[in-house]
Amino acid sequence: MTRSDLVNQLAERFSQLTHRDTEFAVKTILDAMSDALARGHRIEIRGFGSFSINRRPPRVGRNPRSGEQVIIPEKLVPHFKPGKALREAVDAHLPVEPDEPSSRKAPAASDETHKATSA
């Protein structure tokens, strides 16, 4: 689901709101969540999940082209932990039969053509 899909669904569900008002509401909520995370706050939405910030310590990596060592600086990254109700709702929509190897999607013909021409 994209942001515009969410706006469209909410506009359909709440007919008293205009599409522009719905779009503004969604933008305001997402901006408030982004600002709270940027300030280091934790967001908890009961029944849905919580958003927090995780710290990734600095580390030494390698440049894949040259192989030389590169220092990767510390990063703060957003983290989402789903709530129990969300986990149960997603789990309830699993397919009944196990996924069989024969039912997996084959690669698209264009992928195979591209691989053959680039070899």
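Note that this is a predicted model, so its numbers are computed, not measured. (Residues numbered from 1 in each chain as written. Predicted model: local features only at pLDDT ≥ 70, side-chain atom pairs only at ≥ 80, totals over all residues. Heavy atoms only, no water.)

Caption draft 1: Inspection of the sheet that holds strand β2 (residues 49-56) at higher detail. Here three strands make up an open sheet; going across it, the order is β1-β2-β5 and the pairing antiparallel. The sheet terminates laterally at β1 (43-45) and β5 (75-82), the two strands that pair on one side only. When the angles between neighbouring strand axes are averaged without regard to direction, this sheet yields 25°. Direction of pairing for β1 relative to β2: antiparallel, over a ladder of three bridges. Considered in β2, the bridge of glutamate 44 is made with serine 50. (Pairing = 2+ DSSP bridges. Helix = DSSP H or I, 4+ residues; strand = E, 2+ residues; numbered from the N terminus. Axes fitted to C-alpha atoms, helices over the stretch in contact; angles between N-to-C directions.)

Caption draft 2: View of the packing of aromatic side chains. Using the criterion set out here, one finds two aromatic pairs in the structure. For the ring pair phenylalanine 48 and phenylalanine 80, a centre distance of 5.4 Å and an interplane angle of 50° mean the geometry is tilted. Note that phenylalanine 48 is positioned in the loop between β1 and β2 and phenylalanine 80 in strand β5, a separation of 32 residues in sequence. The exposure class of phenylalanine 48 is partly exposed, given its relative accessible area of 37%. Ring centres 4.8 Å apart and planes at 45° place the aromatic pair phenylalanine 51 and phenylalanine 80 in the tilted group. One end of the pair, phenylalanine 51, is in strand β2; the other, phenylalanine 80, is in strand β5, and 29 residues separate them in sequence. An aromatic cluster is defined as three or more aromatic residues linked by ring pairs; in this entry it consists of Phe48, Phe51 and Phe80. (Phe/Tyr/Trp six-rings, centres within 6.5 Å; stacked < 30°, edge-to-face > 60°. Buried < 20%, exposed > 50% of the residue type's maximum accessible area, 1.4 Å probe, protein only.)

Caption draft 3: Local environment of the pattern of salt bridges. Under the defined criterion, the tally for this structure stands at four salt bridges. Residues lysine 27 and aspartate 31 are paired through a salt bridge, measuring 2.7 Å at the closest nitrogen-oxygen approach. With lysine 27 and aspartate 31 both in helix α2 (residues 19-38) and four residues apart, the pair spans about one turn of that helix. Measuring nitrogen to oxygen at the nearest pair gives 2.2 Å for the salt bridge that ties arginine 55 to glutamate 74. A residue pair is termed long-range when its members are at least 10 positions apart, and arginine 55 in strand β2 and glutamate 74 in the loop between β4 (69-72) and β5 qualify at 19 residues. Salt bridges sharing partners connect three or more residues here, namely Arg42, Glu44 and Arg46. (Salt bridge = Lys/Arg side-chain N within 4 Å of Asp/Glu carboxyl O.)

Caption draft 4: Just the nonpolar core, in detail. Of all hydrophobic cores here, the largest spans five residues; its members are Met33, Ala36, Leu37, Ile43 and Phe51. At three residues, the largest contribution of residues to this core is made by α2. (Core = buried A, V, L, I, M, F, W, Y, C linked by side-chain atoms within 4.5 Å.)

Caption draft 5: Layout of the side chain of threonine 22. The residue threonine 22 is located in helix α2 in this model. Taking relative accessible area as the criterion, threonine 22 reaches 2% and is therefore assigned buried. Beyond its immediate sequence surroundings of up to four residues, threonine 22 is in contact with Val7, Leu10, Ala11 and Leu17. (Contact = heavy atoms within 4.5 Å.)

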